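# Residue-level structural notes
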Amino acid sequence: MEPACDDELLHTYPTTVRMVGVKIRNRGEVKKLDAVSTPLRNGDPVLLEVDGEVTYGIVYTEPYTTPFLPPMRAMKSILRKPDAEETALIGRLEQLSQEAASYCRTKAAELNISLKLVEVYGAMHRRQLTFVYTAEDRIDFRELVRDLARRFGGRIEMRQVGVREEARRLGGIDTCGLVLCCASFLTDMKPISAKQAKKLNLTIDDPRLLGVCGRLKCCLMFEMMDADGKIAPQAHQLITPTRPQVAVERLDGFIDVSRVFVCAAEQHREAILSAL
């Protein structure tokens, strides 16, 4: 078998990528996206696809070129810059979202409904407002929805999310001093379970292992191995290219950000991958 190392990977992936920092709907943490060839400056609105629908974002970091690293294959790209009509719509949606959030909190308090609003946003191509919230119990919000529909018109969607999704949307800094993995670079959230953590001989009630969401930290996934000492498929798929000749031998998720790749012809090397 021929060695499948740097030369082959370079032919499979580009050598560099042009990245841009964007806040989706001008909220949460800055996401690193592929800027393609679009000229952009700080404060520019852009269109992108999130959860299967087109929405907007605001540029917070101007485009820059960086060497391509294998995890970037999952990076999303911006679609394009909005035209004048779409730019005006984005301004109206920003104002509408703030007004709707304030009105919803007031009405929920009047109706004695216990919920925590995470985000309110309007759709680009139809009359719809989505209210993302968390709640400890099931809520009968039919009267609240009627009030919101009368006030704002169009379709009202109430979307309940868990605490992990809340942390991903709002962002924050964890105990490691870095931006939350879920809010910065993870594109496929596969949280580690208590059963999986026990395989690592971890004490699951150790507060140092809990993220700001109160659940086990997502970065524990990078430490997870199976009974044979191999990296679990979930973690392997997050950081390695889909090449059968390239495998992960070891991950130092808590020590640093190094990942050790193994090439076919018994060639071992360390690849330092900066967090996306």
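Our structure's up above, just so we're on the same page.
The present account deals with the structure reproduced in this document. Along each chain, residues carry numbers from 1 onward, in the same order as the chain's sequence is written. A pLDDT threshold of at least 70 governs which residues receive local features in this predicted model, and a stricter bar of 80 or more applies before side-chain atom pairs are shown or counted, although totals over entire chains, interfaces and linings include all residues. Neither water nor hydrogens contribute to the side-chain values; these are computed over all heavy atoms in the structure.

### Examining the overall build of the protein
The way it works is that DSSP assigns letters per residue, a run of H or I at least four long becomes a helix, a run of E at least two long becomes a strand, and they are numbered from the N terminus. Check the secondary structure of the protein and you find 7 helices and 10 strands. Split into buried and exposed, the 276 residues of the protein put 43% on the buried side. When contacts within the protein are restricted to residue pairs at least 6 apart in sequence, those whose partners lie at least 24 apart make up 59%. Under the convention used here, a 1.4 Å probe and the Shrake-Rupley method define accessible areas, while residue burial counts only the protein chains that appear. Of the roughly 15,500 Å² of accessible surface on the protein, 50% is carried by carbon and sulfur atoms. A simple rule labels every residue: compare its accessible area, found with a 1.4 Å probe on the protein chains alone, to the largest value its type can have, and call it buried under 20%, exposed over 50%, or partly exposed in between. Throughout, a residue-residue contact means that at least one pair of heavy atoms, one from each residue, lies within 4.5 Å.

### Quick look at unusual backbone geometry
Across residues other than glycine, the phi torsion is negative in most instances, and most of the peptide bonds are trans. Residues other than glycine seldom take positive phi values, yet N26 does so here, at roughly 60°. Note on placement: N26 falls in the loop between strand 1 (16-24) and strand 2 (31-34). Looking at N26, the relative accessible area reads 27%, which means it is partly exposed. Phi angles above zero are rare outside glycine, and N112 is one such case at about 55°. Looking at where N112 falls in the secondary structure, it is placed in the loop between helix 2 (84-110) and strand 5 (116-122). According to the relative accessible area criterion, N112 is exposed, its value standing at 71%.

### Digging into the packing of helix 2 against helix 3 (residues 142-152)
Taken N-terminus to C-terminus, the directions of helix 2 and helix 3 make an angle of 145°; their axes are 11 Å apart at the nearest point. Helix 2 and helix 3 meet at a crossing whose hand is right-handed. Residue-level contacts link L96, E99, A100, Y103, C104, K107 and A108 of helix 2 to L144, D147, L148, R151 and F152 of helix 3. Its residues placed into classes, the contact of helix 2 with helix 3 shows 8 nonpolar, no polar and 4 charged. In this description, a line fitted to the C-alpha atoms serves as the axis of each element, helices being fitted only across the stretch in contact, and the angle between N-to-C directions of two axes falls anywhere from 0 to 180 degrees. For a crossing to be left-handed, the near helix must be turned anticlockwise from the far one by less than a right angle; the clockwise case is right-handed. When residues are sorted by character, Ala, Val, Leu, Ile, Met, Phe, Trp, Tyr, Cys and Pro go into the nonpolar class, Asp, Glu, Lys and Arg into the charged class, and all the rest, Gly among them, into the polar class.

### Topic: the sheet that holds strand 5
Between any two strands, pairing holds if DSSP finds at least two bridges. Taking strand neighbours across the sheet as the criterion, the 3 strands line up as 5-6-7 in an open arrangement whose pairing is mixed. Of all the strands in the sheet, just strand 5 and strand 7 (155-160) have a single pairing partner and so form its edges. Sheet twist, expressed as the mean angle between neighbouring strand axes with direction ignored, is 20°. Bridge analysis of strand 6 (residues 128-134) against strand 7 gives 6 bridges, and the strand direction is parallel. Paired with F131 across the two strands is M158, which belongs to strand 7. Of the strands in this sheet, strand 6 and strand 7 touch helix 3, which is tilted by about 140° from strand 7. Helix 4 (residues 163-170) rests against strand 5, strand 6 and strand 7 of the sheet, and its axis sits at about 55° to strand 5.

### Quick word on the pairing of strand 2
Alignment of strand 1 against strand 2, held across 4 bridges, turns out to be antiparallel. When the bridges of strand 2 are listed, V22 appears paired with K31. Linking two consecutive strands that pair antiparallel, namely strand 1 and strand 2, is a turn of 6 residues; a positive phi of about 55° is found at R25 within it.

### Thoughts on the pattern of salt bridges
Any carboxyl oxygen of Asp or Glu that lies within 4 Å of a side-chain nitrogen of Lys or Arg is treated as forming a salt bridge with it. For the coordinates displayed, the defined rule picks out 16 salt bridges. A salt bridge links R142 to D140; the shortest N-O distance between them is 2.8 Å. R142 gets classed as exposed once you look at its relative accessible area, which sits at 57%. Across the salt bridge formed by R155 and E157, the nearest N and O atoms sit 3.8 Å from each other. In this structure, a network of salt bridges that share partners links the residues R25, E119, E165, R168 and R169.

### Digging into the nonpolar core
Put simply, a nonpolar core is a bunch of buried Ala, Val, Leu, Ile, Met, Phe, Trp, Tyr and Cys residues held in one set by side-chain atoms that sit within 4.5 Å of each other. L117, V120, L129, F131, L144, L148 and M158 are the most contacted members of the largest nonpolar core, which totals 16 residues. A per-element tally of this core places helix 2 first, with 4 residues. Apart from the residues lying within four places of it in its own chain, the contact partners of F131 are A100, C104, L117, E119, V120, L148, I156, E157, M158 and R159. Residues V22, I24, A35 and V59 belong to the second largest nonpolar core, which totals 11 residues.

### Observations concerning the environment of L117
Along the chain, L117 turns up in strand 5. Among residues more than four places away in sequence, those in contact with L117 are A101, C104, R105, F131, V132 and Y133.

### Structural notes on the packing of aromatic side chains
What counts as a ring pair is set by centres within 6.5 Å for rings of Phe, Tyr and Trp (its six-membered ring), and what kind of pair is set by the plane angle: stacked under 30 degrees, edge-to-face over 60, tilted for all other angles. What the rule picks out here adds up to 2 aromatic pairs. Where Y103 meets F152, the ring centres are 5.6 Å apart and the plane angle is 90°; that geometry is what we call edge-to-face. Of this pair, Y103 sits in helix 2 while F152 sits in helix 3; the two residues are 49 residues apart in sequence, bridging distant segments of the chain. Looking at Y103, the relative accessible area reads 23%, which means it is partly exposed.

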